[in-house]
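If you want the building blocks of each chain, they are given just below.
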Amino acid sequence: QVQLVEAGGGLVQAGGSLRLSCAGSGRTFSNYGMGWFRQAPGKDREFVATISWNGGSRDYADSVKGRFTISRDNARVYLQMNSLKPEDTAVYYCAGSGNRWSSTIPYDYHYWGQGTQVTVSS
């Protein structure tokens, strides 16, 4: 079993930066592919970024490429968000896939955090 806890959300002006972190508990955390998803009010949850168990594979949504960077160490997964836009406003969720591989599909993820709010003002 893996428990995930996100941190680092908040209010920022457009053009600013935030760094989200996701702490994973459980001895198998470092063996799992991880992802970040987000959900804005009235919209479906959407893929943001994913990373494989060893960081060798990473993928990003087109809307965040060049602005967001996913990374990890043995205990945490991070999402560095630069050049933030008002349309990035959402609750951001960390997710664990339960296997070693990265994935852009929410159904591939077995473990989810509670989410952290990111609000970007114009």
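Residues numbered from 1 in each chain as written. Predicted model: local features only at pLDDT ≥ 70, side-chain atom pairs only at ≥ 80, totals over all residues. Heavy atoms only, no water.

## Looking at the sheet that holds strand β8 (residues 76-81)
Hydrogen bonds along the backbone pair up the strands of a sheet, which may run parallel or antiparallel.
In step 1: Ordered in space as β1-β3-β8-β7, the 4 strands form an open sheet in which the pairing is antiparallel. The open sheet terminates on both sides in strands that have one partner only, identified here as β1 (3-7) and β7 (68-72). On average, each strand axis in the sheet is tilted by 15° relative to the strand beside it, whichever way the strands run.
In step 2: Summarising the sheet, strand β3 (residues 18-25) and β8 pair through 6 bridges and their orientation is antiparallel. Each bridged residue has a counterpart across the sheet, and for Cys 22 the counterpart in β8 is Val 77. (Pairing = 2+ DSSP bridges. Helix = DSSP H or I, 4+ residues; strand = E, 2+ residues; numbered from the N terminus. Axes fitted to C-alpha atoms, helices over the stretch in contact; angles between N-to-C directions.)

## So, the nonpolar core
In step 1: One finds Met 34, Trp 36, Leu 79, Met 81 and Tyr 92 to be the most contacted residues of the largest nonpolar core, which totals 33 residues.
In step 2: Secondary-structure elements contributing two or more residues to this core are β3, β4 (34-39), β5 (46-51), β7, β8, β9 (90-96) and β11 (116-121).
In step 3: Beyond its immediate chain neighbours, meaning those up to four positions away, Leu 79 contacts Leu 18, Arg 19, Leu 20, Trp 36, Val 48, Ala 49, Phe 68, Thr 69, Ile 70 and Tyr 92. (Core = buried A, V, L, I, M, F, W, Y, C linked by side-chain atoms within 4.5 Å. Buried < 20%, exposed > 50% of the residue type's maximum accessible area, 1.4 Å probe, protein only. Contact = heavy atoms within 4.5 Å.)

## So, the environment of Asp 88
In step 1: Tracing the sequence through the fold places Asp 88 in the loop between β8 and β9.
In step 2: Accessibility expressed as a relative area gives 1% for Asp 88, which makes it buried.
In step 3: For Asp 88 and Ser 122, which are 34 residues apart along the polypeptide, the C-alpha to C-alpha distance reads 11 Å.
In step 4: Leave out the neighbours within four places in its chain, and Asp 88 touches Arg 38, Arg 67, Phe 68, Ser 83, Val 118 and Val 120.
In step 5: Side-chain polar atoms of Asp 88 contact the side chain of Arg 67, separated by 2.7 Å. (Polar contact = N/O pair within 3.5 Å; in protein donor to acceptor, adjacent residues only side chain to side chain.)

## Structural notes on the pairing of β11
In step 1: With burial as the criterion, only one face of β11 is covered, namely that bearing Thr 116, Val 118 and Val 120; the residues Gln 117, Thr 119 and Ser 121 on the opposite face remain uncovered.
In step 2: The pairing of strand β2 (residues 10-13) with β11 spans 4 bridges and is classified as parallel. Of the residues in β11, the one forming a bridge with Gln 13 is Ser 121.
In step 3: Relative to β11, β9 runs antiparallel, the two being bridged by 3 bridges. The partner of Val 91 across the bridge, within β11, is Gln 117.

## Structural notes on the packing of aromatic side chains
In step 1: This model, assessed by the stated rule, comprises 5 aromatic pairs.
In step 2: Taking the centre distance of 5.7 Å and the plane angle of 15° together, the rings of Tyr 32 and Tyr 111 count as stacked. One end of the pair, Tyr 32, is in the loop between β3 and β4; the other, Tyr 111, is in strand β10 (residues 111-112), with 79 residues separating them in the sequence.
In step 3: A relative accessible area of 12% places Tyr 32 in the buried class.
In step 4: According to the relative accessible area criterion, Tyr 111 is buried, its value standing at 16%.
In step 5: Grouped by ring-pair contacts, the aromatic residues Phe 37, Phe 47, Tyr 109 and Trp 112 constitute a single cluster. (Phe/Tyr/Trp six-rings, centres within 6.5 Å; stacked < 30°, edge-to-face > 60°.)

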